[in-house]
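Okay, here's what each chain looks like letter by letter:
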Amino acid sequence: MSIRLPFFKRKSSTETKQQYKLKNVPNHVAIIMDGNGRWAKKRGLPRIDGHKEGMDAVQNTVRAATDHGIKILTLFAFSTENWKRPKLEVDYLMRLPKEYLQTYLPELIEKNVRVETIGDFDALPQHTKEAVLDAKERTKDNDGLLLNFAINYGSRHEIVEALKQIVHDVNENKIDVDHINDNILEDYLYTKGLVDPDLLIRTSGEKRLSNFLLWQCAYSEFWFTDVLWPDFNKEVFIQALLDYQNRVRRYGGIK
Ligand code: FPP
């Protein structure tokens, strides 16, 4: 695909890594990777083939994120609602983290990427947890891109659990009700310590949040594309980053 890149300075054609220099890179990009099933259906393939192909799109996105100096990439890999899918598909989705990490962990380590997760981790199958914990452990000292997989993640569940914990801590006199504010609540979310997403991308033409980072996306810029997730690549990602260059973020104020 050829696209015009008016906001980039073109560098040496021999340079393979970072071909273009963005002037305003989002620190935190969150992505709802949607459309794997439709991608497979269009080709007469089982849905799980779409998820498998989506794995490579994940890695291409990680490469683009590291090339452009993005600090945090949060990917919606499995929602608290995805358990409703047929068992065969759920089982496959639960095996994907291991398959992805078996293939790509060496490259993640080489690229100084740190792997983390948000979501209800304890409820995952043992084999999924083991693969992810191993990756977390082996990348914990890396200080490049934070690759943050949202697995068994649901925003409402996250907020309800945070509230329960806050009530508990109030009852234990650890916090005072009058001191509860945005910052305190954020300390009880899975995303504690992370800056909010600057840019939220959703593929496949759907335009909704689907219970993803509801609190954290209060002031995020949204970018939607009809591209199905398995077809998402560096060029499409750059289109999103380019569009972000022109956004004026006012946070409710005036410019
Ligand atoms: C949504 O598409 C996608 C998912 C529920 C799974 C996301 C998983 C991947 C992108 C694979 C990579 C994952 C890891 C952990 C490396 P959909 O199935 O809802 O698509 P549809 O709306 O077209 O049916």
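Structural data are supplied above this passage.
Here's what I pulled together on the structure shown here. (Residues numbered from 1 in each chain as written. Predicted model: local features only at pLDDT ≥ 70, side-chain atom pairs only at ≥ 80, totals over all residues. Heavy atoms only, no water.)

### Considering the layout of surface pockets
Stage number 1. Approximately 780 Å³ is the volume found for the largest pocket.
Stage number 2. If you go around the largest pocket, you meet 35 residues; those closest to its centre are Met 33, Phe 76, Ala 77, Phe 78 and Asn 82.
Stage number 3. When contributions to the lining of the largest pocket are tallied by element, the ones reaching two or more residues are α1 (36–42), α2 (47–67), β4 (72–79), α3 (87–110), β5 (114–118) and β6 (146–153).
Stage number 4. Among the elements that line the lining of the largest pocket, the one with the most residues is α3, at 6 residues.
Stage number 5. A per-class count over the lining of the largest pocket returns 18 nonpolar, 10 polar and 7 charged. (1 Å grid on protein atoms, 1.4 Å probe; cavity = no way out; pocket = protein on both sides within 12 Å on 5 of 7 lines; lining within 4 Å. Points joined across faces, edges and corners; volume = space filled by probe spheres on them. Helix = DSSP H or I, 4+ residues; strand = E, 2+ residues; numbered from the N terminus. Nonpolar A, V, L, I, M, F, W, Y, C, P; charged D, E, K, R; others polar.)

### Regarding empty space enclosed by the protein
Stage number 1. Counted under the stated rule, the structure contains 1 cavity of 30 Å³ or more.
Stage number 2. Estimates place the volume of the largest cavity at around 30 Å³.
Stage number 3. The wall of the largest cavity is formed by His 28, Thr 191, Leu 194, Val 195, Asp 196, Pro 197, Leu 213 and Gln 216.
Stage number 4. Residue composition of the lining of the largest cavity, grouped by class: 4 nonpolar, 3 polar and 1 charged.

### Looking at the packing of aromatic side chains
Aromatic ring pairs are reported here in terms of the distance separating the ring centres and the angle at which the planes meet.
Stage number 1. Within this structure, the stated rule accounts for 11 aromatic pairs.
Stage number 2. When the ring of Tyr 153 is compared with that of Phe 212, the centres are 5.9 Å apart and the planes differ by 90°; the resulting orientation is edge-to-face. Taken together, the residues span a long stretch of sequence, with Tyr 153 in strand β6 and Phe 212 in the loop between β7 (199–202) and β8 (221–224) at a distance of 59 residues. Like Phe 212, Tyr 153 is buried.
Stage number 3. Between the aromatic rings of Phe 232 and Phe 237, the centroid separation amounts to 5.9 Å while the plane-to-plane angle is 50°, which identifies the pairing as tilted.
Stage number 4. Assessed through its relative accessible area of 1%, Phe 232 is described here as buried.
Stage number 5. Three or more aromatic residues joined by ring pairs make a cluster, and in this case those are Phe 76, Tyr 153, Tyr 190 and Phe 212.
Stage number 6. It is Lys 136 that lies over the ring of Phe 121; its NZ or CZ is 4.4 Å from the centre. (Phe/Tyr/Trp six-rings, centres within 6.5 Å; stacked < 30°, edge-to-face > 60°. Buried < 20%, exposed > 50% of the residue type's maximum accessible area, 1.4 Å probe, protein only. Lys NZ or Arg CZ within 6 Å of the ring centre and 35° of its normal.)

### Overview of the site of the ligand
Stage number 1. Lining the immediate environment of the ligand, one finds 17 residues, of which Asp 34, Gly 37, Arg 38, Arg 47 and Arg 85 sit closest.
Stage number 2. Within the contact set of the ligand, an oxygen atom lies 3.1 Å away from a side-chain nitrogen or oxygen of Asp 34.
Stage number 3. Take Asn 36: an N or O atom from its main chain is 3.2 Å from an oxygen atom of the ligand.
Stage number 4. Protein chains bury 91% of the 620 Å² of accessible surface belonging to the ligand in isolation.
Stage number 5. The cavity that encloses the ligand is the largest pocket.
Stage number 6. Of all elements in the fold, only α1, α2 and α3 reach the threshold of two or more residues within the shell around the ligand.
Stage number 7. Classifying every residue of the shell around the ligand gives 8 nonpolar, 5 polar and 4 charged. (Near = heavy atom within 4 Å. Polar contact = N/O pair within 3.5 Å; in protein donor to acceptor, adjacent residues only side chain to side chain. Areas by Shrake-Rupley, 256 points an atom, 1.4 Å probe, with all protein chains shown as cover. Sits in = over half its atoms within 2 Å of the grid points.)

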